[in-house]
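# Structure assessment
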Amino acid sequence: MTERNRFPGYSTLAKHDTPSWNAQTRAVVDKRLNDPPPRRFFTEEEWSVLVAICARIILQPTQRDPNVPIAPFIDQKMAENRGDGFQQAGLPGMQQEWRRGLSAIDTEARLRFGAAFVDLPAGRQDDVLHMVQDGDVCAPAWADLPAQQFFKGRLLIDIVTMYYAHPQAWDEIGFGGPASPRGYVRMGFDRYDPWEAVEHA
Amino acid sequence: MPEIVPPAPRGKDGRAPDVLRPGGWVPMRQYRDNDEVDFAIVGTGAGGGTLAARLAEAGFSVVAFDAGPWFRPLEEFASDELEQTKLYWTDNRIVAGDNPIELGHNNSGKAVGGSTVHFAMVALRFRPEWFKARTKLGYGADWPVSWQEMWRYYDEVEDALKIAGPVRFPWGPPRRRYPYRPHEVNAAGLVLAHGAEKLGIKWCPTPLATVSAPRGLSPPCVYRGFCVIGCSTNAKQSALVVWIPRALAAGAEIRDLAMVGRIELGPNGLVAGVHYHREGEWRFQRAKNVVVAGYAIETPRLLLNSACPQFPDGLANSNGLVGKYFMVQSNDAVWGTMDEEIRWYKGPPSLALTEHWNYTDTGKDFFGGYAYMSQGPLPIEFARTLASGRGLWGQALRDAMSNYIHMAGLKICGEVLPREHNRVELADATDEYGLRTARVVFGYCDNDNRLRRHAVLFMRDALAAAGARDIWESESTAHLNGSCRMGEDPATSVVNADGRSWDIPNLWVCDGSLFPTVGGVNPSLTIQALACRTADRIKAMAARGELDRPAASPARTAARAVEWS
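Residues numbered from 1 in each chain as written. Chains lettered and ligands numbered in written order. Predicted model: local features only at pLDDT ≥ 70, side-chain atom pairs only at ≥ 80, totals over all residues.

### Digging into the overall build of chain B
Along chain B, the regular secondary structure elements total 13 helices and 20 strands. For 565 residues, the compact-globule estimate of 2.2 N^0.38 gives 24 Å, and chain B sits close to it at 23 Å. Seen along its three principal axes, the alpha-carbon backbone of chain B occupies a region of about 70 × 55 × 50 Å. Sorting the 565 residues of chain B into buried and exposed places 61% on the buried side. (Helix = DSSP H or I, 4+ residues; strand = E, 2+ residues; numbered from the N terminus. Rg over C-alpha atoms; globule rule 2.2 N^0.38 Å. Buried ≥ 20, exposed ≤ 12 C-beta atoms within 10 Å, placed from the backbone.)

See below:
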């Protein structure tokens, strides 16, 4: 997908060595960019389904190379079992939800379209994801994992969280990015500081 | 994930981190486990941190415990949403009920300073009538304290935190001006202002606990906008930078990374101290009094987990009310797209607000009130709102996120009614310490839903009047309150007005658990005001030799006098 860039030339990373980024922020973001975690939690099969799902949930511009990695950070969250602080009663917990959910989505693809999820064309993959989102599912695995709840509360949340933690995601929406010790001065309507993104109509 | 987290306790060896100076230390008095300290306080947030400072300053020996680490904000807080999840209490808790609540990022802290380390700094007083909600407004329950008394303690806390707010606050009884001048209202706040003025209601710059001018080693707020994931400049006047240093200077000891697992009841029917886990082992601190200040989930959890033969259902729980009447606040929001660039990531997230519907009773089909405030979510939080609230993904999500710098939003802090059914109880699962985890049951009642609907419709009009288009809604909750409520009657409350247990006279509660009703404003200022009041009450009772006698209640003074003689 090609897309018009509303903030041409803007890069939060370009502020890396300015007063907008303190040392601790540099350390954290540098590690995220330079050292994506290896796969530890998901099986190879689960991993390939997850990667395919991430590509449909977050459409990354084709002119971008390489894409922002998402799956490695979800794997890391599962491997370290870092929950968000709550678990819905009746659900099996974050790790099991992901494992069962990926397997159920793949089964759903095979039942509905006769092929593994990763082998479906993008439009068909979207069809499967919409079925899961709407609870219009027939794979038996959903009996223990409410499809809509999994899609909204686990799948979407984890994927968008990891994507919007990346400086390239910040750049494309015009977010100012890290800001400490230097914050902002101009706060009114249509006002921006020289270190902020300039929007092009 | 790469994390900048203290690997081991820092409050030890006679010193504590000086959070206001990079690499600095300050001396800290220390007690031995065998010392019978006057007060062991569990939790160091708005309740426990405040109380630790005020009791130490009154000359009591104090040890306060926190399960979380002792961060140095200047060196360890990054401008990064993922990294800063380290501030949240993310231990697993089960959520259930008709409207299971989300826990963690916006309601549960795990650090010295508690949730104030990542709170939104909104510093509002209760409406006076709320302290007598049952008598004056016909719903909920009366508080056992008067608004006039609370007003004095609000004065104290606003001064202690140097709240930055308007010269004239538009609602409620006349009051003095705020200690520091208000912050400039950003474009997101001006959207609220324009909408309010078009609809003919008042608004004002939000009173905030972040300084608008230098204060000691706190620089004025630089409007970096990452407030709710931790302030890296110390402009924010959290318990971590205000009350904890005061507590240390007055001789209190703070033990970080110290999880209290059980309160011990002695053979005399009084609590004898706390069992806590630190540096790989369980230890026992003796104390003449124990104060539980772990917020409205961990406080009842600790009392319930401290069950013993004399109190098989949990300490202070002879009437079965520990954990009951748990309340959140509804946090519904409306969002819209503006033609202007708003860039809501700049400045504290809620720089403007209206309390119109807290102070107006006409035109409502519900009990209670709500404030609403301007918004400034960072990218991850906003993307999560779009994903979970609207179910957007793929191209639809991209399109919605591409309007990020043109978005404006209004969100309520809405009152929910106290209901016994909403509760904190123990789950079957255990945590890393072998302690049973909490199960939180919550559901809105019809009244709560009418309030939410009223708010959303009104805010839709306000946002449209300010020029927003493509308006949509989201729902969530904020804050944790109730669950160990205070009252005048031992049959219908867990503690008295001083936070003192009816069952066990040297066991106290000091946090948001105390609230009999929750009101339509953020609770932190009221929690701190109550803590200051409790400290003064303890000081007065100690001077009269009353700390060794049980809490008096109008309802059972006579019966108890015989029992304890």
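Here the narrative resumes, following the displayed structure.
### Description of the overall build of chain A
Each helix and strand counted, chain A has seven helices and one strand in total. Helices (α) and strands (β) of chain A occur, in sequence order from the N terminus, as α-α-α-β-α-α-α-α. Seen through its principal axes, chain A has C-alpha atoms that stretch 55 × 35 × 30 Å. When each of the 201 residues of chain A is scored for burial, the buried share is 41%. Restricting the contact set of chain A to residue pairs at least 6 apart, pairs at least 24 apart contribute 69%. (Contact = placed C-beta atoms within 7 Å.)

### Quick word on the packing of helix α4 (residues 94–113) of chain A against helix α5 (residues 122–134) of chain A
All names here are of chain A. In contact at an axis separation of 10 Å, α4 and α5 are set at 115 degrees when each is read in the N-to-C sense. By the angle between their axes, α4 is roughly perpendicular relative to α5. The hand of the α4/α5 crossing is right-handed. Across the interface between the two elements, I105, E108, A109, R112 and F113 from α4 touch R124, V128, M131 and V132 from α5. Here the residues of the contact of α4 with α5 are counted per class, giving six nonpolar, no polar and three charged. (Axes fitted to C-alpha atoms, helices over the stretch in contact; angles between N-to-C directions. Parallel < 35°, antiparallel > 145°, perpendicular 65-115°, else oblique. Left-handed = near helix turned anticlockwise from the far one by under 90°. Nonpolar A, V, L, I, M, F, W, Y, C, P; charged D, E, K, R; others polar.)

### Things to note about the environment of A120 of chain B
All names here are of chain B. Topologically, A120 is positioned in the loop between β5 (94–96) and α3 (133–137). Taking the number of C-beta atoms within 10 Å as the measure of exposure, A120 has 23 and is therefore buried. Here the alpha-carbon distance between A120 and N522, two residues 402 residues apart in the chain, equals 9.0 Å. Not counting the four nearest positions on each side in its chain, A120 is found in contact with C227, V228, P349, S350 and N522.

### Details of the packing of helix α1 (residues 48–57) of chain B against helix α12 (residues 524–543) of chain B
Residues and elements named next belong to chain B. The contact between α1 and α12 brings their axes to 9 Å, and the two run at 30 degrees. The orientation of α1 with respect to α12, classified from their angle, is roughly parallel. For the pair α1 and α12, the crossing hand works out as right-handed. Counting all contacts with α1, which are made through T50, L51, R54 and L55, the residues of α12 involved are Q528, A531, C532, T534, A535 and I538. Residue composition of the contact of α1 with α12, grouped by class: six nonpolar, three polar and one charged.

### Things to note about the nonpolar core
By size, the foremost hydrophobic cluster in this structure holds 240 residues, and its most contacted members are I159 of chain A together with I41, A52, V62, A247, V291 and V440 of chain B. If you tally residues by element for this core, the top one is helix α6 (residues 147–163) of chain A, at nine residues. Once you skip the residues sitting within four places of it in the chain, V62 of chain B turns out to touch V37, D38, F39, I41, A52, L55, A56, A247 and A252 of chain B. (Core = buried A, V, L, I, M, F, W, Y, C linked by C-beta atoms within 7 Å.)

### Topic: α1 of chain B
All names here are of chain B. In terms of burial, α1 is a largely internal element, nine of the 10 residues being buried. Those residues of α1 not exposed but buried are G48, G49, T50, L51, A52, A53, R54, L55 and A56. On the buried face of α1, the contacting elements are β3 (37–42), β4 (62–65), α6 (243–249), β10 (281–292) and α12. Of the residues trailing α1, G59 is marked for its positive phi of about 100 degrees.

### A closer look at the interface of chain B and chain A
Each side of the interface is counted separately: chain B has 57 residues, and chain A has 49 residues. In terms of residues, the side of chain B that touches chain A owes the most to one element, helix α9 (residues 379–390) of chain B, which gives six residues. Across the side of chain B that touches chain A, the residue classes tally to 27 nonpolar, 15 polar and 15 charged. With two bridges joining them, strand β1 (residues 87–88) of chain A and β5 of chain B adopt parallel strand pairing. By the bridge assignment, Q88 of chain A is partnered in β5 of chain B with V95 of chain B. (Pairing = 2+ DSSP bridges.)

### Focus: the pairing of strand β8 (residues 259–265) of chain B
Residues and elements named next belong to chain B. Pairing of β8 with strand β9 (residues 271–278) involves six bridges; the strand directions are antiparallel. Within β9, the position partnered with L265 by the bridge is V271. Between the end of β8 and the start of β9, which pair antiparallel, lie five residues, with G269 showing a positive phi angle near 85 degrees.

### Overview of the environment of T12 of chain A
All names here are of chain A. Position of T12 among the secondary structure elements: in the segment before α1 (23–34). With 157 residues separating them in the primary sequence, T12 and A169 have C-alpha atoms 9.7 Å apart. The contacts of T12, once residues within four sequence positions are left out, are P167, W170, D171 and G177.

### Quick word on the sheet that holds β5 of chain B
Spatial strand order, β1(A)-β5(B)-β17(B)-β16(B): four strands in an open sheet with mixed pairing. Since the sheet does not close on itself, it has two edges, and those belong to β1 of chain A together with β16 (423–430) of chain B, each with one partner. Strands in contact with helix α7 (residues 295–305) of chain B are β16 and β17 (436–441) of chain B; relative to β16 of chain B, the strand with the most contacts, it is inclined by about 65 degrees.

### What to know about the confidence of the model for chain B
Residue and element names in this part refer to chain B. Mean pLDDT for chain B: 96, with 97% of residues reaching 70 or above. Every residue in residues 557–565 is under pLDDT 50, and counting partners more than four places away or in other chains gives four contacts. The complex prediction reports pTM at 0.97, with the ipTM value standing at 0.98. (pLDDT = per-residue confidence, 0-100.)

### Some remarks on unusual backbone geometry
Looking along the chain, the bond that leaves S180 of chain A and enters P181 of chain A is cis, with omega of 10 degrees. Tracing the backbone through its elements, the reader meets P181 of chain A in the segment after α7 (167–173). The phi torsion at M121 of chain B lies on the positive side, around 75 degrees, for a residue other than glycine. Relative to the assigned elements, M121 of chain B resides in the loop between β5 and α3. Positive phi, normally seen in glycine, also occurs at A316 of chain B, with a value near 65 degrees. Looking at the secondary structure, you find A316 of chain B in the loop between α7 and β11 (327–330).

### Examining helix α3 (residues 71–79) of chain A
Residue and element names in this part refer to chain A. The buried fraction of α3 amounts to seven of the nine residues, a majority that puts the element mostly inside the structure. All buried positions along α3 are accounted for by A71, P72, F73, I74, D75, K77 and M78. Once α3 finishes, N81 follows within two positions and takes phi at roughly 50 degrees, a positive value.

### Focus: the environment of T430 of chain B
All names here are of chain B. On the secondary structure map, T430 appears in strand β16. Classification of T430 by C-beta neighbours within 10 Å gives exposed; the count is 12. Each C-alpha atom, one on T430 and one on N92, is 9.3 Å from the other, the two residues being 338 residues apart in sequence. Discounting residues that sit within four places of it in the chain, T430 has contacts with L435, R436 and T437.

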